[in-house]
Each structure stands twice: as C-alpha cells, then as structure tokens.
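For reference, the chains in residue letters:
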Amino acid sequence: MLTIGQLAATAGVTVRTVRHYHQVGLLPEPERDASGYRRYAAQAAVDLIRIRTLADAGVPLSRIDALLHAQPAEFAAAIGDIDERLQRKIDQLAEYRHRIAALASGESLFLPTEVVAILDRMRGLGVSEQRVRLERDAWILLQALDADALPQRVREKNAEFDDPETTRLYLAVDRSVDWDPHDPRLDRLIDDLDAWEIRHRRGTTRSTELVASRISESSPSWQRIVDALTHRAEQRATEHDS
C-alpha cells in the first residue's frame, strides 16, 4: 500500500495534483486507515499514470474519465478526435509564430511595400522616428477606411517628397512637435502651410480628416496647426459661397 506521497512519486506528479484529481472525481480517494492515513493500492498508481499520460497528451480533464472506461474502439475514436483538435491547435500556434516572426519586418507586416518605401524615404530625409511611427499608423488607418484611395495617396506622397519646398515644410512641422502652441514661429509656419494648401488645393475627406486628427493629437503645437488650417479653409469656403 502506498501513501499519497509515494503514489505521486510513482506517477511523476505532485501531491497537489493527486488531490486535484480527487476533487474533480478522476481518482477515487480511499478511506483513512486505523492510523489516520490514506493508503493507495497498486491499481491507484496504474490509474494515476493513465490519467497523467492522457492529461500530458492534451486531453481535457473533463474527457479523461470517459476515456478511462471506454471500450477499445470507442477509445481509439475519441483519441483520433482529440488528435485532430490538437493538430488544429498546432496549426494555429504555427500561424501565431509566423505572425510574431513577421513583426521583425516592422511596417511590412501591416502595410504594402510601396507604403513601407515611403516610410523608409522619410527616415532617409531626416524625419523623426516619432513622426514616422505616426505616419505608419495613419497609413494603417487610411488603408482601413479607404483602401481604394491608397495608390493615389502613395503617388501624391512621393510627389510631395520630390518637391523641395514640400519636404522643407514637412521637416519644419516635424521639428515643431515640442514647441509651445503660442510660439511665434508657429504663426509663420501656419502661414507657410496655408499658402501651400492654397497652391495645391488638396481636398479633405473623412479618412484624411481622421488621419490628421490621429497625428495632431500627439502634439499641442500640431493640434494648433491643424485647427488653424481648418479654420482658414472653412473661412475661404464661406467667402467663396457668399
């Protein structure tokens, strides 16, 4: 006869595990003997080893009791079903590993190569990594909101960076991230940006408004730029309609 510690050691589990199997009804708990100890027969060790083997193979505890008492054909069918479920789980985990590995490729996990090229181009121009990350998130948002507009926006963005004046303004806005919203330099920058908007007459859509909002919320000075440019555009629209 075995003590609970000896039983656990025989099956390669802990005493706590044995007690858990008692609680869930997988392994009968013997009565105490005259000395106040619970003693286990050899059959308990065999049963415990079978339980541990099935549990280690990924069989849910809720199914183990039925398998322990199943006929050979029924047992084989149940194991086959469990094996299929485990294979699906393995495939799912493999896909997760693939996605995690893809994270090493950075933006390419979320965005098409032509957009990634724009982000790399920004880095090459000296744009801060903070702004590059915000730009990346903006492209992700734009792709979700208006995927059809993505190719045109890619062409526009490359054309903007081909233009020295546009690039100069872009870098100036990037450097203003930590400026005080009342910094006089911001007034001059807003004037320059407004003149650029007028020359290019770029319209706004719901998606571009959301993208601008996503970027501007990261900096009070950028928020002031967006608010001021929006106000001036609305004023021009009102004057045009009147």
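Heads up: the structure comes first, above all this text.
Here the structure is a predicted model, which is why all the values come from computation and not from measurement. (Residues numbered from 1 in each chain as written. Predicted model: local features only at pLDDT ≥ 70, side-chain atom pairs only at ≥ 80, totals over all residues. Heavy atoms only, no water.)

*Asks:* Kindly report on the overall build of the chain, identifying the contributing residues and their values.
*Replies:* Counting its regular elements, the chain contains 12 helices and 0 strands. Listing the helices and strands of the chain from first to last along the sequence gives α-α-α-α-α-α-α-α-α-α-α-α. Counting across all 242 residues of the chain, residues that qualify as buried make up 30%. Within the chain, contacts between residues at least 6 apart in sequence are counted, and of these 59% link residues at least 24 apart. In the structure as shown, the chain presents an accessible area of about 15,100 Å², 54% of it carried by carbon and sulfur atoms. (Helix = DSSP H or I, 4+ residues; strand = E, 2+ residues; numbered from the N terminus. Buried < 20%, exposed > 50% of the residue type's maximum accessible area, 1.4 Å probe, protein only. Contact = heavy atoms within 4.5 Å. Areas by Shrake-Rupley, 256 points an atom, 1.4 Å probe, with all protein chains shown as cover.)

*Asks:* Lay out the pattern of salt bridges in plain terms, naming residues and giving numbers.
*Replies:* Counted under the stated rule, the structure contains 20 salt bridges. The salt bridge involving Arg-52 is made with Asp-56; its shortest N-O contact spans 3.6 Å. Residue Arg-52 and its partner Asp-56 are located together in helix α3 (residues 42-56), separated by 4 residues, close to a single helical turn. Residue classification places Arg-52 among the partly exposed positions, given a relative accessible area of 26%. Among the residues examined, Asp-56 registers a relative accessible area of 61% and is labelled exposed. One network of salt bridges, with partners in common, ties together Asp-191, Asp-194, Arg-232 and Arg-236. (Salt bridge = Lys/Arg side-chain N within 4 Å of Asp/Glu carboxyl O.)

*Asks:* So what about the nonpolar core? Which residues, and what values?
*Replies:* Of all hydrophobic cores here, the largest spans 21 residues; its most connected members are Leu-7, Val-18, Leu-27, Leu-48, Ile-51 and Ile-64. Every element with two or more residues in this core is listed here: α1 (4-11), α2 (15-23), α3, α4 (61-68) and α5 (72-102). If you tally residues by element for this core, the top one is α3, at 5 residues. Aside from chain neighbours lying at most four places away, what touches Val-18 is Ile-4, Leu-7, Ala-8, Val-13, Leu-27, Tyr-40 and Leu-48. (Core = buried A, V, L, I, M, F, W, Y, C linked by side-chain atoms within 4.5 Å.)

*Asks:* A description of the packing of helix α10 (residues 184-200) against helix α12 (residues 220-241) should follow, citing residues and the corresponding values.
*Replies:* Viewed as axis vectors pointing N to C, α10 and α12 meet at an angle of 45°, and their least axial separation amounts to 10 Å. Comparing their axes, α12 and α10 come out oblique. Relative to α12, the crossing made by α10 is right-handed. Side by side, α10 and α12 meet where Leu-186, Asp-187, Leu-189, Ile-190, Asp-191, Leu-193, Asp-194 and Ile-198 of the first sit next to Ser-221, Arg-224, Ile-225, Ala-228, Leu-229, Arg-232 and Arg-236 of the second. Looking at side-chain class alone, the contact of α10 with α12 contains 8 nonpolar, 1 polar and 6 charged residues. (Axes fitted to C-alpha atoms, helices over the stretch in contact; angles between N-to-C directions. Parallel < 35°, antiparallel > 145°, perpendicular 65-115°, else oblique. Left-handed = near helix turned anticlockwise from the far one by under 90°. Nonpolar A, V, L, I, M, F, W, Y, C, P; charged D, E, K, R; others polar.)

*Asks:* I'd love a proper account of α12, names of residues and values included.
*Replies:* The end-to-end C-alpha separation of α12 is 32 Å, in line with the 32 Å expected for 22 residues at 1.5 Å each. If you check which residues of α12 are buried, you get Ser-221, Trp-222, Ile-225 and Leu-229. End-on view of α12: buried residues confined to an arc of 105°, all on one side of the axis. More than 90 degrees from the buried face of α12, the exposed residues found are Pro-220, Thr-238 and Asp-241. (Expected span 1.5 Å × (residues − 1). Arc of directions from axis to C-beta.)

*Asks:* Summarise the packing of aromatic side chains; cite the residues concerned and give the values.
*Replies:* Within a pair of aromatic rings, the relevant descriptors are the distance that separates the centres and the angle that separates the planes. Within this structure, the stated rule accounts for 1 aromatic pair. Taking the centre distance of 5.2 Å and the plane angle of 75° together, the rings of Phe-161 and Tyr-170 count as edge-to-face. Tyr-170 matches Phe-161 in its accessibility class, with the two residues each being buried. The ring of Trp-179 has Arg-185 lying over it, and the distance from NZ or CZ to the ring centre is 4.0 Å. (Phe/Tyr/Trp six-rings, centres within 6.5 Å; stacked < 30°, edge-to-face > 60°. Lys NZ or Arg CZ within 6 Å of the ring centre and 35° of its normal.)

*Asks:* Any details on the packing of helix α6 (residues 113-125) against helix α8 (residues 150-162)? Residues and values, ideally.
*Replies:* Two quantities define a packed helix pair, namely the angle between the helix axes and the distance between the axes. It is at 10 Å that the axes of α6 and α8 come closest, and there the two elements cross at 20°. Judged by the inter-axis angle, α6 sits roughly parallel to α8. You can see that α6 and α8 cross each other, and the crossing is left-handed. Within the contact between the two elements, α6 uses Glu-114, Val-115, Ile-118, Arg-121, Met-122 and Leu-125 and α8 uses Leu-150, Val-154, Lys-157, Asn-158, Phe-161 and Asp-162. Its residues assigned to classes, the contact of α6 with α8 comprises 7 nonpolar, 1 polar and 4 charged.

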